[in-house]
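So the chains spell out like this:
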Amino acid sequence: MANDLTIKNLNVWYGPVYAVKGIDIRIAEGSITAIFGANGAGKSSTLKAIAGGIKYQGNIYIGENAIDNLPVHQRVRRGIVLCPEGRGIFYNMTVKENLLAGAYTNSRSNFDIAFSVFPFLKERLNQIAGTLSGGEQQMLAIARALMANPKYLLLDEPSLGLAPIIIQKIAEVIRHINETLKITVVLVEQNTSLALNLAQYGYVLENGRVALHGKSNELKNNPVIQEKYLGGA
Ligand code: ATP
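Residues numbered from 1 in each chain as written. Predicted model: local features only at pLDDT ≥ 70, side-chain atom pairs only at ≥ 80, totals over all residues. Heavy atoms only, no water.

Naming follows an unreviewed UniProt entry, where the protein appears as Branched-chain amino acid transport system ATP-binding protein of Fervidobacterium gondwanense DSM 13020. Quoted straight from UniProt, the Sequence similarities (unreviewed entry) entry for the protein says "Belongs to the ABC transporter superfamily." (UniProt positions renumbered as here; feature names shortened; annotations may be inferred.)

1. Examining the layout of surface pockets
Roughly 210 Å³ of internal volume is contained in the second largest pocket. In this structure, the second largest pocket is lined by 16 residues; those nearest its centre are Asn39, Gly40, Ala41, Gly42 and Lys43. Of all the secondary-structure elements, those providing two or more residues to the lining of the second largest pocket are strand 2 (17-27) and helix 1 (43-51). Among the elements that make up the lining of the second largest pocket, the one with the highest residue count is strand 2 (four residues). Classifying every residue of the lining of the second largest pocket by side-chain character gives five nonpolar, seven polar and four charged. (1 Å grid on protein atoms, 1.4 Å probe; cavity = no way out; pocket = protein on both sides within 12 Å on 5 of 7 lines; lining within 4 Å. Points joined across faces, edges and corners; volume = space filled by probe spheres on them. Helix = DSSP H or I, 4+ residues; strand = E, 2+ residues; numbered from the N terminus. Nonpolar A, V, L, I, M, F, W, Y, C, P; charged D, E, K, R; others polar.)

2. Description of the site of the ligand
Neighbouring residues of the ligand: 13 residues in total, closest Asn39, Gly40, Lys43, Ser44 and Ser45. Contact distances for the ligand include 3.0 Å between an oxygen atom and a backbone N or O atom of Ala41. In this structure, an oxygen atom belonging to the ligand sits 3.1 Å away from a side-chain N or O atom of Gln190. For the ligand, whose free accessible area comes to 630 Å², the fraction covered by protein is 63%. Judged by the fraction of its atoms near the pocket grid, the ligand is located in the second largest pocket. (Near = heavy atom within 4 Å. Polar contact = N/O pair within 3.5 Å; in protein donor to acceptor, adjacent residues only side chain to side chain. Areas by Shrake-Rupley, 256 points an atom, 1.4 Å probe, with all protein chains shown as cover. Sits in = over half its atoms within 2 Å of the grid points.)

3. A few points about the sheet that holds strand 9 (residues 201-206)
One key point about sheets: their strands pair by backbone hydrogen bonds, in either a parallel or an antiparallel sense. With respect to topology, six strands assemble into an open sheet ordered 6-7-8-3-9-10, the strand pairing being mixed. Looking at which strands have only one partner, the edges of the open sheet turn out to be strand 6 (80-83) and strand 10 (209-215). Strand-to-strand twist in this sheet, taken as the mean axis angle between neighbours without regard to direction, amounts to 15 degrees. Sheet topology places strand 6 next to strand 7 (residues 152-156); four bridges connect them, and they run parallel. From the neighbouring strand, Leu82 faces strand 7, where its bridge partner is Leu154. Together, strand 6 and strand 7 form the strand contacts of helix 6 (residues 134-147), whose direction differs from that of strand 6 by roughly 165 degrees. Contacts from helix 7 (residues 164-179) reach strand 3 (32-36), strand 7 and strand 8 (184-189), with the element oriented near 155 degrees to strand 8. (Pairing = 2+ DSSP bridges. Axes fitted to C-alpha atoms, helices over the stretch in contact; angles between N-to-C directions. Contact = heavy atoms within 4.5 Å.)

4. A word on the side chain of Glu136
With respect to the helices, strands and loops of the structure, Glu136 is situated in helix 6. For Glu136, a relative accessible area of 19% corresponds to the buried category. Not counting the four nearest positions on each side in its chain, Glu136 is found in contact with Phe120 and Arg124. (Buried < 20%, exposed > 50% of the residue type's maximum accessible area, 1.4 Å probe, protein only.)

As structure tokens, then:
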């Protein structure tokens, strides 16, 4: 489609550490696309590069337009919004202050969207974010990202450290965001079965390279994926 996100020959170094080694990824507009792989495979670095938060070599396009020269806030304006690993919320600030922090490029009207996805936040606006449960904090982090009016929501390990029942809730939210709000989702996950159940398409990263990519159904049935990433299921 016209506004796919295309990543071409992406390379990331941290000093001497060569973390991302020439990755090509296409994120179809309207899709949920999963990126998975072991610790240190380069998943977070890839997301951070797309968001503009780290230096990289290579090219990232929205449709035909390269965005490599744009700083983070201008990418946010074009709809690229990162919900970082570890949530990145402000623990000493209220829920409301956290939400407003996400809306810095926008009018404040996005509260309605955030509340439509997470009604419980309406009752918690004055609660200090650090006193929310882990699952609620993750929901706040996603709500804050929604405040920036994303077209492309980059989710880094949203299930990390959460109980299965909460993970289920987060999964429903991700599906809703994609299907109802029509937001393209890039989902980085170590929980491979969650990622493949939600996404239409997946990329497997190993040591900074794309080891394999394909439709989720094909990946689920791939014996190597089953053995290495689905616990031999
Ligand atoms: P995880 O799931 O553990 O977060 P990941 O697949 O997201 O892993 P990255 O976080 O992208 O992987 O890390 C890729 C490589 O880059 C790793 O070897 C990591 O140690 C290294 N790395 C990441 N950030 C930095 C940094 N700020 N300084 C130095 N090395 C880094």
